[in-house]
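# Structural overview for review
The lines below spell out each chain.
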Amino acid sequence: MSPARLVAYEVLQDVEERDSYANLALPGRIRDAGLDARDAGLATELAAGALRWRGRYDRIIELSAGREIERIDARTRTVLRLGAHQLLGMRTAAHAAVNESVELQRRVGNRAAAGFVNGVLRSIGRASNDEWDARIADAATSANDARAALASHPTWIIRALQDALRAEGREAELDALLAADNDAPRVSLAILPGAGVSVAAAALAAAESGATATGPSPLGVEIGAGDPARAITASGARPGYARVQDQGSQLAALALTRVRPVRRGERWLDLCAGPGGKTAVLGAEALAAGARVRANEVSEHRAELVQRSVSGVADAVEVVSFDGRSDDAYGGEAFDRILVDAPCSGLGALRRRPEARWRKQPSDLPELTRLQAELLRQATAHLAPGGVLAYVTCSPHLAETRVTLDRLLRDHPELREIDARAVVGEVARSEIDLGGASLSVQLWPHRHGTDAMFIALVERRATGA
Ligand SMILES: C[S@@+](CC[C@H](N)C(=O)[O-])C[C@H]1O[C@@H](n2cnc3c(N)ncnc32)[C@H](O)[C@@H]1O
């Protein structure tokens, strides 16, 4: 039996039984099995594809088996998902996909179910993707039930994304968004101010890695499927000044640093800094303008990552590790600019981790929104008069975005919302299409090519409430 299939199976079981992240489990499993580069690629494609398309494959397996997916034992389910991906998502010949899956089932699962695996996969292989999509649509109980299976997203996430798009009058974009979540993201670099090379020149220098100075961030260089490490070296940027970073994250950090001119000596705080992507942007901007950054991160391990990420701009950044809800995080100071890049559900970055959408639960939301509100309340108490706070999430879920922000504004009359749309519009490399009419910004994978970052700016009135 092919060792790549066994490795993919083990990774899916790691994800299912041990809550592992596929991208972290894969390298160890590949190493242990001694796979060569070709088989490692096959194992990666099998595991990632079966995870990403799990919702669609499960519905197809149900339709083929005439049985609910939960009523199939966990090991057999994993074998079937891998088989379905070979049949429908890869170019594996049908007989090879079926035979290899039956052999895998004999090896890792209930041998008595080998005939069941054979029958279900043969039936799946008899219809094309288009035919399966038509059958899924016919059997669906509602439009969103069909979407959940066709686009492989849990229904509650579809509803959350639909609500967020509807709030901007852009509900018609839902299917494009779900499709973008299923595409591999284009990798971007940030070329930080002070890199010693312009963004355009860095892109040109790294053109062999597919680099182009495109995307919405003025610091952004897209490298697509190019090798990031090679592109960074080729870019000619000073060490630490070229980093892999989503362009939505770049814009979020720049919205705070460029909302108004920086006065020398300004004090900035990055309250939830780990692993330090936005801190690096804040640090570079602060160094150039004579400001200083305090970067706080509750997890000590992640605080170390922040320290590493600001290696190029360390002179402008001090890293500390406290709970952002405690006074210690603030060191007794008031800050001119505060970034609250809050812990969130991460529904805006589903395209990055194939298993993420299946792991999140709606029941995660109340605890997260409480934490977001508490962090914002403490941060507000340490915002200097006239200071600006950026509230950022990598989630478009309204409960984490506008609802949390509106509650903050209601409870703190000393705060006033600033037009983040105008700021981001000004900062962006080219005209940026933002929906809705609120002052905050919601970026989207399908529209902007970024993670679905939410960016709001509030100012503490200089004269008090
Ligand atoms: C969305 S991530 C921040 C990403 C980061 N700003 C970047 O751009 O790389 C949220 C971070 O908040 C941290 N965090 C969670 N609870 C916290 C708390 N109570 N106080 C401070 N940080 C917290 C998490 O450990 C996580 O690293």
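Residues numbered from 1 in each chain as written. Predicted model: local features only at pLDDT ≥ 70, side-chain atom pairs only at ≥ 80, totals over all residues. Heavy atoms only, no water.

## Considering the site of the ligand
Stated precisely, the cut-off is as follows: Neighbouring residues are identified by heavy atoms, a residue being near a molecule or strand if any of them is within 4 Å of it. In protein, a polar contact means a hydrogen-donor-capable atom and an acceptor-capable atom, both N or O and within 3.5 Å, with residues adjacent in sequence counting only if both atoms are side-chain atoms; elsewhere, any N or O pair within 3.5 Å suffices. Using a 1.4 Å probe, accessible areas were evaluated by the Shrake-Rupley method; residue-level cover was limited to the displayed protein chains. Any residue outside Ala, Val, Leu, Ile, Met, Phe, Trp, Tyr, Cys, Pro, Asp, Glu, Lys and Arg is labelled polar, Gly included; the first ten of those are nonpolar and the last four are charged.
Around the ligand, the structure places 21 residues, and the nearest of them are G277, E297, R302, G324 and D341. With respect to the ligand, the backbone of C272 contributes an N or O atom lying 3.2 Å from a nitrogen atom. Interatomic distance of 2.6 Å between a side-chain N/O atom of D341 and a nitrogen atom of the ligand. Protein chains shield 84% of the accessible area of the ligand, which is 600 Å² for the free molecule. Here the residues of the shell around the ligand sort into 10 nonpolar, five polar and six charged.

## Quick look at the sheet that holds strand β3 (residues 242–244)
Worth spelling out the cut-off: We call two strands paired when DSSP finds no fewer than two bridges between them. Helix and strand definitions follow DSSP, with helices as H or I runs of at least four residues and strands as E runs of at least two, each counted in order from the N terminus. All axes here are fitted lines through C-alpha atoms, helices being fitted over the stretch that makes contact, and every angle between N-to-C directions spans 0 to 180 degrees. Every residue pair with non-hydrogen atoms within 4.5 Å of one another is taken to be in contact.
The sheet built from three strands is open, its strands ordered β2-β1-β3 with antiparallel pairing. Edge positions in the sheet fall to β2 (220–224) and β3, since each has one partner strand and no second. Across the sheet, the axes of successive neighbouring strands diverge by a mean angle of 30°, strand direction being ignored. With three bridges joining them, strand β1 (residues 187–191) and β3 adopt antiparallel strand pairing. Counterpart to I191 in the pairing with β3 is A242. Along the sheet, helix α13 (residues 228–235) makes contact with β1, β2 and β3, crossing β3 at roughly 165°.

## Structural notes on helix α2 (residues 22–33)
Under the convention used in this document: Multiplying 1.5 Å by the helix residue count minus one yields the expected span of that helix. Each residue's exposure class comes from its accessible area (1.4 Å probe, protein chains only) as a fraction of the maximum for that residue type: buried when under 20%, exposed when over 50%, partly exposed otherwise.
An ideal rise of 1.5 Å per residue puts 16 Å on 12 residues; α2 measures up with 16 Å between its terminal C-alpha atoms. Inspection of α2 places A22, A25, L26, G28 and I30 among the buried residues, and these make up the whole buried set. Looking at the buried side of α2, the elements it contacts are α1 (3–18) and α3 (37–52). Looking one or two residues past α2, G34 carries a phi angle of roughly 65°, positive in sign.

## As for the packing of α1 against helix α5 (residues 74–88)
When two helices pack together, you describe them by how their axes are tilted relative to each other and by the distance separating the axes. Keep this limit in mind: Every angle not falling under 35 degrees, over 145, or within 65 to 115 is termed oblique; those three ranges are roughly parallel, roughly antiparallel and roughly perpendicular. Note on convention: the crossing is left-handed when the near helix lies turned anticlockwise from the far helix by less than a right angle, right-handed when the turn is clockwise.
Direction vectors running N to C along α1 and α5 enclose 125°, while the axes themselves pass 10 Å from each other. Relative to α5, α1 is oriented oblique. Considering how the two elements wind past one another, α1 and α5 form a crossing that is right-handed. Across the interface between the two elements, R5, A8, Y9, L12, Q13 and E16 from α1 touch A74, R75, R77, T78, V79, R81, L82 and Q86 from α5. Among the residues making up the contact of α1 with α5, the classes are represented as six nonpolar, three polar and five charged.

## Some remarks on the UniProt feature "active site" (unreviewed entry) in the protein
For clarity, the threshold we go by: UniProt positions are given in the numbering used here, feature names are shortened, and annotations may be inferred rather than shown by experiment.
According to UniProt, the feature "active site" (unreviewed entry) maps to C394 in the numbering used here. The residue C394 is located in the loop between β8 (383–393) and α19 (402–411) in this model. Once residues within four sequence positions are removed from consideration, C394 is found in contact with C344, G346, L347, G348, A349, D451, A452 and M453.

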